[in-house]
Amino acid sequence: MTLARRIIPCLDVKDGRVVKGINFVQLRDAGDPVACAAAYDAQGADEICYLDISAAPEGRATLVDVVARTADQVFAPLTVGGGVRSVGDAERLLEAGADKIAINTAAIRSPQLVTACAARFGSQAIVVAVDAKRRVPTSAIDGWEVYSHGGRTPEGLDGLAWCRRLADLGAGELLVTSMDRDGTGAGYDLELVRAVAGAVPIPVIASGGVGELAHLAAGLEAGADAVLAASIFHFGRHTIDEAKAFLAAAGIEVRRS
Amino acid sequence: MIAIVDVCSGNLRSVERALQRAGGRTVVTRDPDTVRRADKIVVPGQGAFGVFMRGLTERHLGDALREAIASGRPYLGICLGLQVLFDESEEQGPCAGLGIVRGRVARLAPGDRRLKVPHIGWNRVAPPHVADRTDRPAEPLLAGVAGGAHVYFVHSYHAVPADPSLVALEAVHGVRITAAIRHDNLFACQFHPEKSQAVGLQILRNFVEAVP
């Protein structure tokens, strides 16, 4: 009896709409995040993640409504990130029905936000998203650098040191995205996954780069507690259940529904 | 009517929707008298122990819960709704709980660096294997739930009852974890039935349909 490794489909949401709608089932509205989340719930997703990429505050207000409508019909865990800048932002999403909130740029600007949210809601509800990019090989120090603003702004923070600090600040989980691999389909940055998973006592979700099912297995074997993926599921290449069958055959503990 | 007790906890809405899906008539309330009058009581909890206990106290809900529980009405606790039944928690403290069930709430210590805390995700639950307790009646809220079913956990602390025979379900995360307890009219689970898809809805349906 061990904890099953989680498979988490991630939906990018902008102004209340899914940016790239899923197309593996006949949905009346493939741009509706709630319909997409319900479809993944039916497939047996272990958790569902919304990342809000709205630029304007109105878009984020819409997100609270999306989360509430999701909670009305999806009985699987929901993590929501993007634009969480205050304890109040976190509270609105959690009250609407999110189980965990993900903080990214705001944690870099004010690390005490992580501590304040953990004190108020418990560490288990606080995910911090870390966007990491390998330093250029010629630089004096190797490793990874932390980026903010959706991977656009280098922050001059060392990836591993930042992850350790986040655990100390009270983060309950880290969502680690490789900016080098994101969108490439070349697989997770396994060295990054291995390094972070070995560096922190809290769960690590690997993200960025999945192109085939073997990449999910590799991420979990590298030490990730959960794997996040988007396009491999959205475009119908594989179902969640196919992914779980593949992982089970590889000897990895997964939940089959 | 099932009273869902509103103690500044994040998952009220999910619990309400799931109970309604399971066929329950519910009211979300922070009014002590409504709690006293309810047929059944659900205390969802999510968050930090100290904040939750403070919320209970400020809303004068502690005594209402004690009275309702003492009257024998069915009580379902979820996560912190389980933990606050105990004498005290290590979280944000030690911090006193309601003291309805003897025991304490301790931080998870899996004893293996690869096993992370918080314990987040789907784990298997089963009744504890106790050779000399074969005469124990089957737990009615687990009717239709297969032994070894996966349910969703998200927590860093777990309850350790002084009387181990209260443990109705356990999970393993390096160490044995109390996943659910049964004590007279109390059933409380550390996992989240409202987030445990079909298995969770079955447990909630059993609670809704149970005759006091």
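Only a predicted model underlies this, so the values are computations on that prediction, with no experimental measurement involved.

*Asks:* What's the story with the packing of helix α1 (residues 12-21) of chain B against helix α6 (residues 197-209) of chain B in this structure? I'm lost.
*Replies:* All names here are of chain B. Running from N to C, α1 and α6 cross one another at 70°; their axes reach a closest spacing of 8 Å. As far as their axial angle goes, α6 and α1 are roughly perpendicular. By crossing handedness, the relation of α1 to α6 is classed as right-handed. Every residue of α6 that contacts α1 at Ala-18, Leu-19 and Arg-21 is listed here: Leu-201, Leu-204, Phe-207 and Val-208. Residue classes in the contact of α1 with α6 are distributed as six nonpolar, no polar and one charged.

*Asks:* How do you make sense of the pattern of salt bridges when you look at a structure like this?
*Replies:* Residue and element names in this part refer to chain B. The final tally for this structure, using the stated rule, is 31 salt bridges over all chains. For the salt bridge of Arg-17 with Glu-16, the shortest nitrogen-to-oxygen distance reads 2.9 Å. Taking the relative accessible area as the measure of exposure, Arg-17 reaches 19% and is therefore buried. You can call Glu-16 buried: its relative accessible area is 19%. A salt bridge links Asp-112 to Arg-114, with the shortest nitrogen-to-oxygen separation between them at 3.1 Å.

*Asks:* Hey, could you run me through the interface of chain B and chain A in this one?
*Replies:* Quoted interface sizes are often the accessible area lost when the parts come together. Each partner contributes residues to the interface: chain B has 35 residues there, and chain A has 41 residues. When the area that chain B buries against chain A is broken down by residue, the three leading residues are B:Lys116, B:Trp122 and B:Gln197, summing to 21%. If you look at where chain B meets chain A, you find four salt bridges. B:Lys195 is paired through a salt bridge with A:Asp99; the nearest N and O atoms lie 2.9 Å apart. Inspection of the region where chain B meets chain A yields 18 residue pairs in polar contact (both at pLDDT 80 or more). Looking at the side of chain B that touches chain A, the elements that each hand over two or more residues are α1, β8 (119-125), β9 (149-155), β11 (167-173) and α6 of chain B. The dominant element in the side of chain B that touches chain A, judged by the number of residues it contributes, is β8(B), at six residues.

*Asks:* I keep staring at α1(B) and nothing clicks. Help me out?
*Replies:* Since there are 3.6 residues in each turn of an α-helix, residues three or four apart along the chain are aligned in direction. Counting buried residues in α1(B) gives seven out of 10 residues, a clear majority hidden from the surface. Within α1(B) the residues assigned to the buried category are B:Leu12, B:Ser14, B:Val15, B:Glu16, B:Arg17, B:Ala18 and B:Leu19. Tucked inside the fold, the buried residues of α1(B) contact α2 (57-73) of chain A together with β1 (2-5), β2 (26-29), β3 (40-45), β4 (75-79) and α6 of chain B. With its phi angle positive at about 100°, B:Gly23 sits one or two positions after the end of α1(B).

*Asks:* Even after reading the chapter, I still don't get the pairing of strand β11 (residues 226-229) of chain A, so can you show me in this structure?
*Replies:* Every other side chain in a regular strand lies on the same face of the sheet, so the side chains alternate between the two faces. Residue and element names in this part refer to chain A. Burial of the side chains of β11 extends over both faces: Ala-226 and Leu-228 are buried on one face and Val-227 and Ala-229 on the other. Across four bridges, strand β1 (residues 6-14) lies against β11 in parallel orientation. Bridge assignment links Pro-9 to a residue of β11, and that residue is Ala-229. Across two bridges, the pairing between strand β10 (residues 204-207) and β11 is parallel. Residue Ala-206 lies in a different strand from β11, and its bridge partner there is Val-227. With helix α8 (residues 213-221) bridging β10 and its parallel neighbour β11, the resulting β-α-β unit is right-handed.

Definitions and cut-offs
Residues numbered from 1 in each chain as written. Chains lettered and ligands numbered in written order. Predicted model: local features only at pLDDT ≥ 70, side-chain atom pairs only at ≥ 80, totals over all residues. Heavy atoms only, no water. Axes fitted to C-alpha atoms, helices over the stretch in contact; angles between N-to-C directions. Helix = DSSP H or I, 4+ residues; strand = E, 2+ residues; numbered from the N terminus. Parallel < 35°, antiparallel > 145°, perpendicular 65-115°, else oblique. Left-handed = near helix turned anticlockwise from the far one by under 90°. Contact = heavy atoms within 4.5 Å. Nonpolar A, V, L, I, M, F, W, Y, C, P; charged D, E, K, R; others polar. Salt bridge = Lys/Arg side-chain N within 4 Å of Asp/Glu carboxyl O. Buried < 20%, exposed > 50% of the residue type's maximum accessible area, 1.4 Å probe, protein only. Buried area = accessible area lost by both parts, 1.4 Å probe. Polar contact = N/O pair within 3.5 Å; in protein donor to acceptor, adjacent residues only side chain to side chain. Pairing = 2+ DSSP bridges. Right-handed = clockwise from strand over helix to strand, strands pointing away.

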